[in-house]
Each structure stands twice: as structure tokens, then as C-alpha cells.
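Spelled out from the first residue to the last, the chains are:
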Amino acid sequence: RQEYRRCLEREFCRGHAGACSDPSLEDRLRQRLWQEPAVLGALQEDGPAMVAHGLQGHLDLGLALRGLAGAFQLLETAAVNLYLFPWRKEFGTVQTFSGTYVHSLRPALPEADLLRSFGRLGYERCDQHRLTVSRPLPRPELVAAACGFFACRLECEILAEVVTRLRPQRLRAEDLLEARRLAGDAEACVEMLRRLGTQREVAANCGDSSVDLYRETPASPEGTGQEVAASPALWKDLCGDVKRGQEPVPSLGNPDLDTISSPLLLEQELGGAGRSPQVPGDPQDLPPAVPQEAPELPCYQLHSCLRQGTLPSYCCTTCHQLHAGACAAGQVCRSRHHGQELRSERQQRLWLQRTEVDMLLADGTG
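The paragraphs below set out a description of the structure included in this document. Throughout, a residue's number is its position along its own chain's written sequence, starting from 1. Local features are withheld for residues below a pLDDT of 70 in this predicted model, meaning they are given only at 70 or higher, and side-chain atom pairs are given and counted only at 80 or more; totals for whole chains, interfaces and linings count all residues. The side-chain numbers reported here are obtained from all heavy atoms of the structure, hydrogens and water having been left aside.

### A few points about helix α8 (residues 139-165)
At step 1: Secondary structure elements follow DSSP: runs of H or I no shorter than four residues count as helices, runs of E no shorter than two count as strands, and numbering proceeds from the N terminus. A helix is expected to span 1.5 Å for every residue after the first. Taking 1.5 Å as the rise per residue, α8 with 27 residues should run 39 Å; its terminal C-alpha atoms sit 39 Å apart, in good agreement.
At step 2: Each residue's exposure class comes from its accessible area (1.4 Å probe, protein chains only) as a fraction of the maximum for that residue type: buried when under 20%, exposed when over 50%, partly exposed otherwise. Taken across its 27 residues, α8 has 20 buried, putting it largely inside the fold.

### Quick look at the sheet that holds strand β4 (residues 301-302)
At step 1: The rule for pairing is simple: two strands pair if DSSP sees at least two bridges between them. With mixed pairing, four strands are arranged side by side in an open sheet as β4-β6-β5-β7. Across the chains shown, the open sheet's two edge strands, defined by having one partner strand only, are β4 and β7 (339-341).
At step 2: In what follows, a contact means two residues having at least one pair of non-hydrogen atoms within 4.5 Å. The angle between two axes is taken between their N-to-C directions and runs from 0 to 180 degrees, where each axis is a line fitted to C-alpha atoms and a helix contributes only its stretch in contact. The strands touched by helix α14 (residues 328-336) are β5 (314-316), β6 (321-323) and β7; relative to β5, the strand with the most contacts, the crossing angle is about 60 degrees.

### Looking at the sheet that holds strand β3 (residues 130-133)
At step 1: An order of β1-β3-β2 is seen for the three strands of this open sheet, with the pairing classed as antiparallel. The sheet terminates laterally at β1 (93-95) and β2 (123-127), the two strands that pair on one side only. Strand-to-strand, the axes of this sheet are offset by a mean angle of 30 degrees, without reference to chain direction.
At step 2: Sheet analysis places β2 next to β3, joined by four bridges and oriented antiparallel. Paired with Asp-127 across the bridge in β3 is Arg-130.
At step 3: Sheet contacts for helix α7 (residues 111-120): β1, β2 and β3; angle to β2, the most-contacted strand, approximately 115 degrees.

Structure below.
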């Protein structure tokens with residue numbers, strides 16, 4: 001903020017008055033925001049919420065972000081005008097029926113956000129068509145507000161660059177903002193959204209409208225064609241994958257299964273336990289005289305037909321491999337080996353998780 005104030009005063013001495021146009025300061029703050037989006041909230045507490053409100057309901061995020069960036073620049077200019085020219089009466093009133101207000105500010109931000117932003121500069125509504133400065137604010141408060149709007153504009157430009165780099169992938173505003181929040185660095189945000197798009201493309205092309213990669217139970221009826229938002233569990237997996245640089249291990253929302261603390265429990269969930277119901281009074285009901293170790297489960301592997309983001313449809317218990325539905329080797333296993341069809345999404349995810357952990361453990365042992 002101090003550097004921003006010095007830049008304003010330097011530009012004013014050179015004959016420029018208005019929103020900050022110093023390329024050096026802009027580049028430094030852009031780089032900070034690129035790597036640490038939390039800087040925006042530090043400079044403008046409600047900045048992230050205002051960006052979210054401005055994107056809500058827009059299908060063309062690139063167009064919406066350009067409009068938002070222009071709106072934040074207008075708000076920054078209003079703050080700078082009050083800071084540099086506190087004696088000029090024309091800056092003390094904002095006409096809410098003016099072309100700039102109606103065509104540039106209102107389409108970009110909700111009215112409540114606009115009134116709160118102008119209120120931060122000391123403006124209050126005096127009638128239906130005007131906002132006036134009821135009390136001049138201290139100059140440090142005006143500089144802080146202008147710097148906050150400056151940061152909001154740069155954040156919108158960063159998000160617009162993310163959207164441009166992911167074209168022609170269609171993004172939802174909620175996914176864009178959630179990826180930005182979780183990934184942090186904008187490069188990681190691009191990668192996370194690219195992986196999310198791949199997951200959705202696989203789901204759309206799997207040929208089964210009842211399969212939902214993001215929720216156990218679809219929230220909307222089958223066949224509606226509505227786009228589904230990514231669940232918190234999926235965001236956790238995508239975020240961890242991008243940050244660690246590892247293959248994603250889908251989370252199932254069950255702490256016992258996620259940590260795979262019990263091989264017997266996992267085997268029962270996978271449908272491979274094969275135990276018959278116990279009858280009370282059988283010897284196996286009695287406590288064992290000697291502690292018994294849990295039987296060691298075989299190690300499974302993913303066949304080469306399973307690309308990233310694809311769920312298996314068949315488990316061969318003879319060669320201990322998982323196969324996709326159209327895999328030729330899987331068809332051979334079906335005809336010659338023992339195995340089981342993985343019909344439910346939950347079963348597919350469990351087998352995929354177990355096999356990926358088996359492969360990780362095997363690599364670690366090696």
C-alpha cells in the first residue's frame with residue numbers, strides 16, 4: 001500500500017491522475033497474486049467474494065472477467081480522485097443513472113456490492129439517483145481502498161488468463177474459483193482444471209448415464225444433461241495430485257477405507273472375502289487360543305488399458321489385474337480365468353484405490 005501511494009504521487013507529479021498505471025508495481029503485485037491468491041483478501045477483505053458475485057450466473061467467464069476488471073478499475077479511479085483532488089466538488093457526487101454506472105458497473109457487480117464499495121470511499125445514497133460523500137475519509141483509508149480495487153482488477157486478469165489457456169474447455173465459475181483457492185499457484189490451478197475437464201469428459205463418454213464420478217448419489221435425475229459440480233472429495237484428490245505430482249487416489253469419504261487400515265475390511269468391501277455366514281456356537285465363534293494374523297491379500301495391478309481417470313469394469317482374480325470394459329486382454333481373462341464384473345461405481349472405486357495402493361507399496365518395496 002505504501003508503494004502504491006508513492007506510485008500515485010509520482011504519476012501525479014508527471015501529470016497523470018487516475019488508476020495506477022505503473023508497470024513495475026503492476027508486475028510485482030501480479031506475480032504475488034499469481035503465486036498467492038490469499039494476497040487479494042489481505043489487501044481487500046471482501047475482494048474474493050466480490051469476484052465470485054460478479055461471475056455468478058455467467059456462461060462466458062472470459063467476457064465476465066473483462067467486465068469485472070473494468071468495474072474494479074472504475075472504483076479504483078473513484079478512490080484515487082478523492083485522494084488526489086479532495087477539493088473538487090464534482091468528485092463528491094456519483095450519478096447512478098449515468099452511462100458509466102449503468103453500462104459498466106451494474107452489469108459487472110450486484111448493486112449491494114457497488115453500494116458497499118462506494119460506502120468504503122465515504123459515499124452514501126442521498127436519493128434514488130445519487131451517491132454523495134457525506135464525510136471526507138482520511139487519505140490513508142482512500143489509498144487502502146484504491147489499492148484493494150487495484151488488486152481485484154489484477155486478480156480478474158489472472159483468472160481471465162486461466163480461462164484463455166483452458167479453451168475450448170467450458171468452465172463453471174464455481175469450479176474456477178474453487179480450483180484457484182485450493183491450488184494457490186495459477187499454474188497449478190490450470191492443471192487442476194484441466195484434470196477436472198478430463199474427468200468430466202470420461203464421465204460423459206462412458207456410455208452409462210447413471211455413473212457420476214463426483215458424487216455417490218446424483219443430485220439430479222438421470223438424463224437431465226445438467227453439469228455437475230465437483231464434490232469436496234474430488235477437489236481434495238485433484239489438489240493433492242497437483243501439489244504432490246503423484247497419480248490421484250480417489251477418496252471415498254470413508255476414513256477406514258481411505259487409510260486402508262484393515263485388509264480384511266477392504267476385502268469384504270471389495271466382495272472378495274467369500275466367507276459364509278457363521279452360525280452361533282460354531283468353533284469359529286470361539287476366541288482363538290493363539291492370536292492370528294490377518295491373511296495377506298494378493299497384490300493387484302492396473303492393466304495398460306486403464307488410462308488416467310478411467311474406472312475398471314472387470315477384476316481378474318487369476319492374473320490379479322484390473323481391466324477396462326473394451327480391453328481385449330480383459331475379454332480373454334473373462335473366458336479363461338476367474339474374476340468378477342465390477343458393476344457399481346463404489347465397487348469400481350474401491351478396487352481402483354486398492355490396486356493403486358498395491359502398486360505404490362510394490363514400488364516402495366522395490
